[in-house]
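Chain residues, written in single-letter form:
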Amino acid sequence: MQNKGAIRLFAILLALVSLYQLIFTFQARRVENKAEEVAQQKAGDNPELVSEYKFQYLDSMKSEVVYNFLFGLREYTYQECKEREINFGLDLKGGMNMILEVRVADIVKALSNYNQDEKFNNAIKLAREREKESTRDFISLFGEAFEEVAPEGRLAAIFNTVELRDKIDYNSSNEEVISVIREESRGAINNAFNILRTRIDRFGVAQPNIQRLEEAGRILVELPGITDPERVRDLLQGTANLEFWEVYNQNEIFEALMEANQVIAEVNALKHSDVDTSKVVPEVQAAESAEDVALLYEIEGDSLDTVDEERVESLFSHLAPSGRPASPVVGLATSRDTGKVNTYLAMEEIESLLPRDVRFLWTVKPIPGSDAQYWTNQQFDENDELFQLIAIKVSSHDGRAPLEGDVVTGARAITSQSGAYEIEMSMNGEGAKTWARLTKANIEKSIAIVLDGYVYSFPTVQNEITGGRSSITGDFTPQEAKDLANVLQSGKMPAPARIVEDTVVGPSLGAEAVDAGFKSFIWAFIAVLIYMVLYYGFKAGLVADFALLANMFFIMGVLAAFNAVLTLPGIAGIVLTIGMSVDANVLIYERIREELKAGKGLRLAISDGYRNAFSAIIDANVTTFLTGLILFMFGTGPIKGFATTLMIGIATSFFSAFFITRLIYESLLKSKVDIKFGSEWTKNLFKGAHILFIEKRKFFMIISGVVMLLGVASLGMRGLQQGIDFTGGRSFVVRFENPVPATDIQSTLKDAFEGATVEAKTFGGDNQIRITTNYLVDSDSESADQEAETKLYEGLKQYVGADVDHDTFLSEHRMSSQKVGPTIAADIRNKAGYAIFFSFVVIFLYILIRFRNWEFGLGALGAVAHDVLIVLGVFSLLYSFMPFSMEIDQSFIAAILTVIGYSINDTVVVFDRIREYRGLYPKRDLKEIFNLAMNSTISRTLNTSLTTLVVLLVIFIFGSEVIQGFVFALIVGVVVGTYSSLFIASPIAFNFIEKRIANKAKKKK
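Remember, it's a predicted structure, so these values are computed and weren't measured experimentally.

Conventions adopted
Residues numbered from 1 in each chain as written. Predicted model: local features only at pLDDT ≥ 70, side-chain atom pairs only at ≥ 80, totals over all residues. Heavy atoms only, no water. Helix = DSSP H or I, 4+ residues; strand = E, 2+ residues; numbered from the N terminus. Buried < 20%, exposed > 50% of the residue type's maximum accessible area, 1.4 Å probe, protein only. Areas by Shrake-Rupley, 256 points an atom, 1.4 Å probe, with all protein chains shown as cover. Phe/Tyr/Trp six-rings, centres within 6.5 Å; stacked < 30°, edge-to-face > 60°. Lys NZ or Arg CZ within 6 Å of the ring centre and 35° of its normal. Contact = heavy atoms within 4.5 Å. Polar contact = N/O pair within 3.5 Å; in protein donor to acceptor, adjacent residues only side chain to side chain. Salt bridge = Lys/Arg side-chain N within 4 Å of Asp/Glu carboxyl O. Pairing = 2+ DSSP bridges. Axes fitted to C-alpha atoms, helices over the stretch in contact; angles between N-to-C directions. Patch = residues over 30% accessible without salt bridge, like charges linked within 9 Å, V, L, I, M, F, W, Y side chains within 5 Å. Core = buried A, V, L, I, M, F, W, Y, C linked by side-chain atoms within 4.5 Å. Lys, Arg positive; Asp, Glu negative; His and termini not counted. Charge placed at Lys NZ, Arg CZ, Asp CG, Glu CD. Parallel < 35°, antiparallel > 145°, perpendicular 65-115°, else oblique. Left-handed = near helix turned anticlockwise from the far one by under 90°. Nonpolar A, V, L, I, M, F, W, Y, C, P; charged D, E, K, R; others polar. pLDDT = per-residue confidence, 0-100. Expected span 1.5 Å × (residues − 1). Arc of directions from axis to C-beta.

Caption draft 1: Structural view of the overall build of the protein chain. Counting secondary structure elements, the protein chain contains 33 helices and 24 strands. Counting every position in the protein chain, which comprises 1005 residues, the buried fraction comes to 53%. Summed over all atoms, the accessible surface of the protein chain reaches about 46,300 Å², with 54% contributed by carbon and sulfur.

Caption draft 2: Main features of the packing of aromatic side chains. If you walk through the whole model with that rule in mind, you get 47 aromatic pairs. Ring geometry for Y536 versus Y589: centroids 4.9 Å apart, planes at 75 degrees, classification edge-to-face. Note that Y536 is positioned in helix α18 (residues 507-536) and Y589 in helix α20 (residues 568-597), a separation of 53 residues in sequence. Given the relative accessible area of 1%, Y589 is considered buried. Summarising the aromatic geometry, the rings of Y610 and Y665 are spaced 6.5 Å apart at their centres and angled 65 degrees between planes, so their arrangement reads as edge-to-face. Residue Y610 is found in helix α21 (residues 602-634), and its partner Y665 is found in helix α22 (residues 638-670); the two are separated by 55 residues along the sequence. A cation sits over an aromatic face here: R84 above F24, 5.6 Å from the ring centre. Sitting over the face of the ring of Y921, R924 holds its NZ or CZ atom 4.1 Å from the ring centroid.

Caption draft 3: Quick peek at helix α31 (residues 926-936). L926, I929, F930, N931, A933, M934 and N935 are the residues of α31 that are buried. Looking at the buried side of α31, the elements it contacts are α29 (854-878), α30 (890-920), α32 (938-958) and α33 (964-1004). Where α31 starts, the residue carrying a side-chain oxygen 3.2 Å from the main-chain nitrogen of K927 turns out to be D925.

Caption draft 4: Geometry of the pattern of salt bridges. Overall, the coordinates contain 29 salt bridges when judged by the stated rule. Among the salt bridges present, the one from E85 reaches R29, with a minimum N-O distance of 2.5 Å. Of this pair, E85 sits in the loop between α3 (78-84) and β3 (87-88) while R29 is found in helix α1 (residues 4-43), placing the two residues 56 residues apart along the sequence. Notably, a salt bridge pairs E184 with K167, separated by 2.3 Å at the nearest N-O pair.

Caption draft 5: Inspection of the sheet that holds strand β23 (residues 768-773) at higher detail. Strand order in the open sheet formed by eight strands is β5-β6-β4-β19-β24-β21-β23-β22, with antiparallel pairing between adjacent strands. Sheet topology places β5 (209-212) and β22 (758-762) at the edges, where each strand pairs with a single neighbour. Going from strand to strand, the sheet's axes swing by 15 degrees on average, the running direction of each strand aside. The strands that helix α10 (residues 229-237) touches are β4 (95-102), β6 (218-224), β19 (497-505) and β24 (814-820); relative to β19, the one it contacts most, it runs at about 160 degrees. The sheet contacts of helix α27 (residues 806-813) involve β21 (729-735) and β24, and relative to β24 the element is tilted by about 90 degrees.

Caption draft 6: A look at a nonpolar patch on the surface. Residues Y834, F837, F838, V841, L845, L848, I849, W854, L858 and F992 make up a contiguous nonpolar surface patch of about 880 Å² in total accessible area. Among the secondary structure elements, those contributing two or more residues to the nonpolar patch are α28 (822-851) and α29. The element best represented in the nonpolar patch is α28, accounting for seven residues.

Caption draft 7: Quick look at the side chain of T947. In this structure, T947 sits in helix α32. Among the polar contacts listed, one links the side chain of T947 to the backbone oxygen of N943, at a separation of 3.0 Å.

Caption draft 8: Region of the structure containing the pairing of strand β9 (residues 329-334). Of all six residues in β9, six are buried; the element is thus mostly enclosed. Here strand β8 (residues 320-321) pairs with β9 via two bridges, running antiparallel. Across the sheet, P321 pairs through a bridge with G331, a residue of β9.

Caption draft 9: Highlighting the nonpolar core. Y589, Y665, I847, F856, F892 and F930 are the most contacted members of the largest nonpolar core, which has 125 residues in total. With 17 residues, α33 is the largest single contributor of residues to this core. Residue contacts for Y589: discarding those within four places in its chain leaves Y536, A540, V543, A544, Y665 and F677. Formed by 48 residues, the second largest nonpolar core is a distinct cluster that contains L141, F193, L196 and L223.

Caption draft 10: Seen up close, a negative patch on the surface. A contiguous patch of negative charge on the surface is contributed by E737, D803, D805, D807 and E812. Tracing the chain through its elements places E812 in helix α27.

Caption draft 11: Representation of the packing of α30 against α31. Running from N to C, α30 and α31 cross one another at 135 degrees; their axes reach a closest spacing of 9 Å. Relative to α31, α30 is oriented oblique. In terms of crossing hand, the pair formed by α30 and α31 is right-handed. Contact residues: α30 offers V910, R913, I914, Y917 and R918, while α31 offers L926, I929, F930, L932, A933, M934 and S936. Split by residue class, the contact of α30 with α31 holds nine nonpolar, one polar and two charged.

Caption draft 12: Layout of unusual backbone geometry. In this model, E444 sits at a positive phi of 70 degrees, which is unusual for a non-glycine residue. Along the chain, E444 falls in the loop between α16 (429-441) and β16 (447-451). Despite not being glycine, K672 shows a phi value in the positive range, around 60 degrees. One can find K672 in the loop between α22 and α23 (697-717).

Caption draft 13: Structural view of the packing of helix α6 (residues 118-131) against helix α7 (residues 138-149). The contact between α6 and α7 brings their axes to 8 Å, and the two run at 130 degrees. Taken together, the axes of α6 and α7 lie oblique to each other. For the pair α6 and α7, the crossing hand works out as right-handed. In contact with K119, F120, N122, A123, I124, L126, A127, R128, R130 and E131 of α6, α7 contributes F138, L141, F142, A145, F146, E148 and V149. Of the residues that constitute the contact of α6 with α7, the class distribution is eleven nonpolar, one polar and five charged.

Caption draft 14: Highlighting the environment of S322. In this structure, S322 sits in the loop between β8 and β9. Owing to a relative accessible area of 5%, S322 belongs among the buried residues under this scheme. S322 sits 67 residues away from L389 along the chain, and the two C-alpha atoms are 9.3 Å apart. S322 has contacts with Q250, V329, V330, G331 and W375, leaving out every residue within four places of it along the chain.

Caption draft 15: The confidence of the model for the protein chain, seen in detail. With 88% of its residues at a pLDDT of 70 or more, the protein chain shows a mean pLDDT of 81. Confidence drops under pLDDT 50 across residues 275-291; counting only partners more than four residues distant or on other chains, this segment forms 23 contacts. Contacts of residues 293-310 to residues separated by more than four positions or lying in other chains number 25 contacts, the stretch itself having pLDDT below 50.

Caption draft 16: Layout of the environment of K445. Within the element layout of this structure, K445 appears in the loop between α16 and β16. Taking the C-alpha atoms as reference points, K445 and N463, 18 residues apart in sequence, are found 10.0 Å from one another. Excluding its chain neighbours within four sequence positions, the residues that come into contact with K445 are V247, N249, E252, K393, P459, T460 and V461.

Caption draft 17: Main features of α23. Taking 1.5 Å as the rise per residue, α23 with 21 residues should run 30 Å; its terminal C-alpha atoms sit 30 Å apart, in good agreement. When we look at burial in α23, the residues that qualify are R697, F700, S704, G711 and S714. In a view along the axis of α23, the buried residues occupy a sector of 125 degrees, so they form one face of it. Away from the buried face of α23 by more than 90 degrees, exposed residues K698, F699, I702, L709, L710, G716 and M717 are located.

See the structure below:
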């Protein structure tokens, strides 16, 4: 072997680098184990304190040196070790994974200063509809939509705002405006990314991951170890739109509210009377008294006297009026009543009774019933929680606050002299001047401090505040004060960041996934090691096993070096790599056995075996690597992790199997060690095999045709069970104390989710249910996620027990949750289609270039199409009957692409031998060459398939239920892929080559 020294040096360096990278993981785990011990000792008999004490210990160790590299040459703190360790994905240690979208449509609206032009807003709406089905950017779609809606319209009239006046004037063309909007939107998205990154960095999560995605405005956020998803959603979705408003005192607006209360009561009374309300006329909106309403309804005033007053709703039926004249609090209401109050106050006939410049906002936090009695004369239960309604004064013509958050230059959470938590702010020079003027004009009155539409506090101004320093108070907890200061410090978002995909995995489910994943990994690895020794003999088997062990070591080291994230599909990718890496050893060993049978000496047989196997190994690895690369390009989240480990594993397995084993054999040969490449029961296995593959090709093609027809018929009639990745929706995995029937859960939740589609299936054990629904999946409301979780809790309360409250249910019974918005689902569908299409194209082109024969490329494509159709048909036929999920989702697409790679892997090995035999035996009949080549590869084909199947079966049996559907697809794919390489790909290639030869012969005649 040439360049032995260079290969040996590279192997040593790769081993040292891998060891160096893995030491950080070891050191970080050592500190964490110590933290667990200390926490257990401190907590004593109170296990609930363990996590708190552990956090305190690890927080204190962040800056402590825990690892001395080369006896102090370089010192690493715990934090530095943590940053360099192997990252576990959220499915392995729990946490939260989100895709946030700052919609370009929202940015465009903001750039127009929320212009109310009807044609402009219709163009926005039309562009958004087209965006769902298009791969083009929103700005282009908006430009085209505006030209359609307003052919003579001028965008300059809409976007000639104060902020854009230096870039757009009234004479700017629509093309120029679109160009400016595009540039501004790009800047706004970059700003949003930076703001979100700042908020996350301040959140205090270990190893957070935030990255831009290819689609404009989409940002991936991964937060491992998060136990309070709602807090994260609030923090990341808030725009940080801070405003300071003047207010109306209660005594200034109470008379108008009383009048509004009377009109609402009288209008509601009509609904309970015998009056024919169909006679109502539009002028009722201008009615100012009960008598006017009665006249408009053509009834007598005393007709209302017959109505039971207790049945008549009014404004004050839901809003307790404040008894504090000098306060901006005009009333209090429970959370269930705030919506009704908003509806009443938004009625046009009520708005006409109120001051034109008044707007009502609710406080962000409720107050207990005992404190509420301070604000009103009514009595409340101590368990009641009431929100305060504040009347703010919108005096400016553009509806903007006198002072906004863009003047804030700093914010931090502090503790006041009384021990309360508050936020201390500093402002720039312009803000300080406005703040001084505003406070001077409102001495002895309140100023409402509003963030994202909610009042956080309304302090009374005692005197003019100069210098731009002030505080926000509001009965904050330490965490709330920290989060609010974080949001203010990081700045205002250009538009709301909406969560379009959201996955939450509980820590216990993550721990179980780790246990199941590594258990399957260990058993699969042991099974392959034993198989290689049994099949190829003790010494040769041990050499192959050493290559496998080295391969695993290199994979983990490279993962750590690239700071890649190890996920559950990633573990499946590593385990699958074990099976596929055996293929290189099998190819080499089978070649060596052939050379030994030809009478060559051991040294020459090993040398020729490696040389002759090289071509097939390269082809097999490159085709699989290309499918992994396509998967990496078009996949997201865990699927990217699977593709990453698969590609790394292919590269390291090739190096280990081909080069490291060669070095070992060179050393053994020098020591004159006798090596056998087979055991007593395997050395003559498949010897003299002479199956007439080509003669029987029609029979096997008919069998394949019948199976594919059954699958296509099922696809046409039953279809496939599409997961929420493709349809959009919400998914929850809920665990109960005892087994529960999935049908009962589904029936109960259909009522709870109010008409939405609901599906419930047993997931893993009998006491674990996976629930899928499309409830509120199209909603843009920030509270939609919380509402869906509340409905889930209310529907399942009877099964988890009345003593389990909402928070306990989410933390202990909801094991995981996932939300995929419709736009994300459309993107995933499109990417899945592209991935499969490009994998076909790449495979055809590679084989065409590599073999310089289009018939081989056509045969390979035919086999791949055959395999994909059969896998789809099996999933269509069986999805209703299997005890595990067989949904078509991203994991399934990963399985399909892996099947494509595996099928091609098998096929190119056969094609490589056919090409070799055509060169060796040019005068032999084509049919004989094909049969001879295919028979000579049976041992390799079956060996590789069996080892891969063993691995997959072990994962299927011992692995987590999360990947059972994925592994089942791979099992089916390996079986049909092995079959198709012999009975589909080669016969198709034979038919077309035979026709070409026949046509060529005819032309010569």
